Amino acid sequence: MPRAALGALLGLVLAAPGPIHAAAGDAAPVRADIEVRFDPATRELSGRGTWVVAAGHAWRVTLGERFEVQRFLVDGGPDPVATAPAEGLRAWRLPAAPRQRRIEITWRGRLEALDASLDHRAVLTNAAPVTAPRGTFLPAAARWHPVFEGAGLAYRIVIDVPDGQRAIVPGTPAGERIADGRRLQAYTFEQPEPAIDLMAGPYRVTERSHTAADGRKIALRALLHPEIADRGDGDLDAVERYLRLYEDWIGPYPYEAFSVVSSPTPTGFGMPTLTYLGVDVLRLPFIRDTSLGHEVLHNWWGNGVRPDYARGNWSEGLTTFMADYAYREQAGAEAAREMRLAWLRDFVALGSAADRPLSAFTSRTHGAEQVVGYHKAAMVFLMLRDAIGNEAFDRALRAFWREHRGGVASWSDLRAAFETASKQDLRPFFAQWLDRTGAPSLRLAAASAVRDGSRWRVDVELTQSSPAYRLRVPLALQFDGGADDTHWVNFDGERQRFTLHTDRRPAAVTLDPKAYVFRRLAPGEAPPILRQAMLDPATVTVLAGAATTGEALATRFTEHPLQLRAATAPPPSQPLLLVGLASEVDRYLARHGLPRRPPELDATAGTATAWVWTTERRAGAPLTVVAARDESALAALARPLPHYGRQSWLVFDGTTAIARGVWPSRPQRIALAGG
Ligand SMILES: [Zn+2]
């Protein structure tokens, strides 16, 4: 199955990539030799192949209902009878046999026409095999070839397409030739999944050979639509950079090829040995700088070692930590801090109702899952590295790779690798971060400084929510003139006092100002952002004028069912989303004594048609306001607004955000009088 990639970066809300994470490895792999021919113009597909299956297993063979089988021979003998199609599949049962069997199947059918207007979510949920001269995508879930369910698949496939087209599947290129206006391309691969993803298009190919750390030649290719073909070299430069980075960091790249493949729909998928990204997606600047590296790294974490999905998916968190976050660290301390702070703000925005333990994360189905499965998990790896040191951390990763490459591993396998490398018992660390929901709430309760001989002594009291986490917490002492000095303390009680010493007279102490600890930020530390109203199902929506348009906008903007309340009723104590016409919104705010529109939004009033902002209410949860000059200005927000979850406020001119910002965060700080 392809893994959905990049969804959040595109501001898309993703659906699940499908039900199948095959329990491969239990059953013996199936070996297949397949030839498939299709024509994007007529949409006709025909295929034939032989499958060699192990003795002692009963098999269920499936094929998408749109295809029909012309021949089905078992060891040259007559075919078994198919069951009636169900859930879009034809199926055959093969009872267990005492010896290996050879099955020959010939099939054909008509593919669906590609609808290039589909968005990512639609492509993901619509598992139909689609084709057009502009692009073909035959997802494994469509069962476009006969599939022996439940087993890994070792295949050789020859794909026969019109000469102007090129096709690709996960695997190693194994030759290509042109005959009679047709292009035949061969690939070989062994994968843990039972079915194959196939892509084709009018691609221009950029290729080169990369020498891996262990001396093997890796075939790198960019298969791109003509209008973006000139970016192929730049993409492959980036891929080579990422390969070197991760080979150095983890160990040799596990496959013989890697390709960047463009798609006519605005999608993002990752598979072993390739990433399949929309033409317009590839043009986004962060794709080459971040997402491509994330996808390359998945060939180690996710494909090279597969998560034990039933027991939790660690691969997104580790990949996010070693790709997205690592690139921020390379860019500088401030860039890394911004990312950590954004993750902690997102976590506050999630609210407690949508929160779940990290161990329950399997794959991303919506933004709420990303907050835990990607970002909380990445912070867990960051805290782990802070606790055991870079050297032990990296040694553990390399050992984990050596031991589990090509197999399935769980969170506890990862823990074992970190324990061996650090010689520490990490069970409490992993238990508190994986099995508990939520996060600790830390408070800087008191602090004072006194002279202590020639030095200064600072007494600090911290509290945290119950039951206490075992934490390492940075306390920053600030001095006049702006310098500061970080002291890490081990904090594992609900209330604890710490004594710090310093040579200079300290001016203030600040709790974790750079957001190194995964925790629930205090209200002032976490200024409200739009994502809170988007994610927190406790949010109550009030419509103030243009109710039909307002309700449609609120439905599109939020990921949870709307809880509507009349504008005439008193405001709820829950998070409030107020949507409507500016005049009526102002009236509602005034009537209920709620904060007015902040002055930051007035600066660009000249061409503004809509204003969106978050504020904290003196008592109770935050207020999110969407106010438009008129009904059409309100309707214009439907498309852009969901992309701005990380902002605290925006001003729109039609569909364009002409100003925006995040309210500054205020770390917990106590000024030290001292004497
Ligand atoms: Zn990923």
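Predicted model only: the values in this text are computed from it and were never measured. (Residues numbered from 1 in each chain as written. Predicted model: local features only at pLDDT ≥ 70, side-chain atom pairs only at ≥ 80, totals over all residues. Heavy atoms only, no water.)

Mind laying out the coordination of the zinc ion, listing which residues take part and the relevant values?
Ideal geometry at a metal centre gives angles of 109.5 degrees when four donors are arranged tetrahedrally and 90 or 180 degrees when six donors are arranged octahedrally. Protein-derived ligands of the zinc ion are His 294 (NE2), His 298 (NE2) and Glu 316 (OE), with the metal-ligand distances lying across 2.1 Å. For the zinc ion, the single-chain donor residues occur in sequence as H-x3-H-x17-E. The exposure class of His 298 is buried, given its relative accessible area of 0%. (Donors = N, O, S within 2.8 Å, 3.2 Å for Na, K, Ca; no water. Buried < 20%, exposed > 50% of the residue type's maximum accessible area, 1.4 Å probe, protein only.)

Can you break down the nonpolar core residue by residue, with the values?
In terms of nonpolar packing, the biggest core is built from 154 residues, with Trp 301 and Phe 418 touching the most fellow members. Here the element with the most residues in this core is helix α7 (residues 367-388); it accounts for 12 residues. Among residues more than four places away in sequence, those in contact with Phe 418 are Phe 381, Leu 384, Ile 388, Phe 393, Ala 396, Leu 397, Leu 426 and Phe 430. Counting residues in hydrophobic clusters, the runner-up holds 22 residues, among them Leu 530, Ala 546, Ala 628 and Leu 637. (Core = buried A, V, L, I, M, F, W, Y, C linked by side-chain atoms within 4.5 Å. Helix = DSSP H or I, 4+ residues; strand = E, 2+ residues; numbered from the N terminus. Contact = heavy atoms within 4.5 Å.)

Please give an account of empty space enclosed by the protein that cites residues and values.
Over the atoms, a rolled probe matching the size of one water molecule traces out where space is still vacant. Counted by the stated rule, this structure contains three cavities of 30 Å³ or more. Empty space within the second largest cavity amounts to approximately 50 Å³. Around the second largest cavity, the lining residues are Pro 474, Ala 476, Asp 484, Thr 486, Asp 512, Pro 513, Lys 514 and Tyr 516. Where the lining of the second largest cavity is concerned, the elements lending two or more residues are β27 (471-479) and β28 (484-491). When the residues that make up the lining of the second largest cavity are grouped by side-chain class, the tally is four nonpolar, one polar and three charged. (1 Å grid on protein atoms, 1.4 Å probe; cavity = no way out; pocket = protein on both sides within 12 Å on 5 of 7 lines; lining within 4 Å. Points joined across faces, edges and corners; volume = space filled by probe spheres on them. Nonpolar A, V, L, I, M, F, W, Y, C, P; charged D, E, K, R; others polar.)

So what about the pairing of strand β25 (residues 442-452)? Which residues, and what values?
With 10 bridges joining them, β25 and strand β26 (residues 455-464) adopt antiparallel strand pairing. Bridging across to β26, Leu 442 finds its partner in Gln 464. Here β25 hands over to β26 after two residues, with Gly 453 in that stretch at a positive phi of 65°. (Pairing = 2+ DSSP bridges.)

So what's going on with the pattern of salt bridges? Which residues, and what values?
With the rule as written, the count across this model stands at 37 salt bridges. Between Arg 134 and Glu 227 there is a salt bridge, and its shortest N-O distance comes to 2.8 Å. In this pair, Arg 134 is assigned in the loop between β10 (130-132) and β11 (135-138) and Glu 227 in the loop between β19 (217-224) and α2 (232-249), connecting sequence segments 93 residues apart. Of the charged contacts in the structure, one is a salt bridge between Glu 176 and Arg 183, with a shortest N-O distance of 2.4 Å. Linked through salt bridges whose partners overlap, the residues forming this network are Arg 208, Asp 233, Asp 237, Glu 240 and Arg 244. (Salt bridge = Lys/Arg side-chain N within 4 Å of Asp/Glu carboxyl O.)

Which residues make up the packing of aromatic side chains, and what values do they have?
Following the criterion strictly, the structure yields 35 aromatic pairs and no others. The structure contains a cluster of three or more aromatic residues connected by ring pairs, namely Tyr 155, Phe 189, Tyr 246, Trp 249, Tyr 253, Tyr 255, Trp 300, Trp 301, Trp 314, Phe 400 and Trp 401. In this arrangement the basic side chain of Arg 504 is found over the ring face of Phe 479, its NZ or CZ atom lying 4.0 Å from the centre. Across from the ring centre of Trp 611, 4.3 Å away, lies the NZ or CZ of Arg 597, which sits over that ring. (Phe/Tyr/Trp six-rings, centres within 6.5 Å; stacked < 30°, edge-to-face > 60°. Lys NZ or Arg CZ within 6 Å of the ring centre and 35° of its normal.)

Give me the packing of α2 against helix α4 (residues 285-297): which residues, what numbers.
Where α2 contacts α4, the axes come no closer than 9 Å and their chain directions differ by 55°. In terms of axis orientation, α2 runs oblique to α4. α4 is crossed by α2, and the crossing has right-handed handedness. On α4, the residues touching Gly 234, Asp 235, Ala 238, Val 239, Tyr 242, Leu 243 and Tyr 246 of α2 are Arg 288, Asp 289, Thr 290, Leu 292, Gly 293, Val 296 and Leu 297. Looking at the contact of α2 with α4 residue by residue, the class counts come to eight nonpolar, three polar and three charged. (Axes fitted to C-alpha atoms, helices over the stretch in contact; angles between N-to-C directions. Parallel < 35°, antiparallel > 145°, perpendicular 65-115°, else oblique. Left-handed = near helix turned anticlockwise from the far one by under 90°.)

Report on the sheet that holds strand β6 (residues 83-86), specifying residues and quantitative values.
Read across the open sheet, the four strands follow the order β6-β7-β4-β12; overall the sheet is antiparallel. Single-partner strands in this sheet number two, and they are β6 and β12 (147-148). Note that β6 and strand β7 (residues 89-94) share two bridges and pair antiparallel. Counted as the bridge partner of Thr 83 is Ala 91 from β7.

Can you lay out the environment of Val 371 for me, pointing to particular residues and giving the numbers?
Of note, Val 371 is situated in helix α7. Separated by 217 residues in sequence, Val 371 and Tyr 588 place their C-alpha atoms 33 Å apart.

Talk me through the side chain of Asp 346; I want residue IDs and the actual numbers.
Summarising the element assignment, Asp 346 is placed in helix α6 (residues 333-350). In this structure the side chain of Asp 346 is engaged in a polar contact, spanning 2.8 Å, whose partner is the side chain of Arg 531. Setting aside residues no more than four positions away along its own chain, Asp 346 makes contact with Val 371, His 375, Ile 529, Arg 531 and Arg 646. (Polar contact = N/O pair within 3.5 Å; in protein donor to acceptor, adjacent residues only side chain to side chain.)

For α6, give the residues involved together with the corresponding values.
A rise of 1.5 Å per residue sets the reference length of α6, with its 18 residues, at 26 Å; its end C-alpha atoms lie 26 Å apart and thus fit the reference within 8%. Summarising burial for α6: 14 of the 18 residues are buried, a large majority. Trailing α6 by a residue or two, Gly 351 shows a phi angle of about 75°, which is positive. (Expected span 1.5 Å × (residues − 1).)

Describe the sheet that holds strand β30 (residues 506-511), and please don't skip the residues or the numbers.
Working definition: the strands of a sheet are paired by backbone hydrogen bonds and lie parallel or antiparallel to each other. The antiparallel open sheet is built from four strands, whose spatial order is β28-β27-β30-β38. Each edge of the open sheet is held by one strand with a lone partner, namely β28 and β38 (669-671). Each strand axis lies, on average, 25° off the axis of its neighbour in the sheet, ignoring direction. By the bridge criterion, five bridges tie β27 to β30 in an arrangement that is antiparallel. What sits directly across from Gln 478, in β30, is Ala 508.

How would you sum up the pairing of strand β29 (residues 495-502)? Please name residues and give values.
A one-sided burial pattern is seen for β29, the buried positions being Gln 496, Phe 498, Leu 500 and Thr 502 and the unburied ones Arg 495, Arg 497, Thr 499 and His 501. Bridge count for β26 against β29 is eight bridges, and the pairing is antiparallel. Bridge pairing in β29 places Arg 457 opposite His 501.

I'd like a rundown of unusual backbone geometry, residues and numbers included.
For the bond running from Ser 466 to Pro 467, omega is -10°, close enough to zero to count as cis. Along the chain, Pro 467 turns up in the loop between β26 and β27. Positioned with a positive phi, Asp 180 is a non-glycine residue whose angle comes to about 50°. Mapping Asp 180 onto the fold places it in the loop between β15 (172-179) and β16 (182-191). Its identity is not glycine, yet Ala 546 carries a phi of approximately 50°, on the positive side. Tracing the backbone shows Ala 546 in the loop between β31 (540-544) and α12 (547-557). Ala 546 gets classed as buried once you look at its relative accessible area, which sits at 16%.

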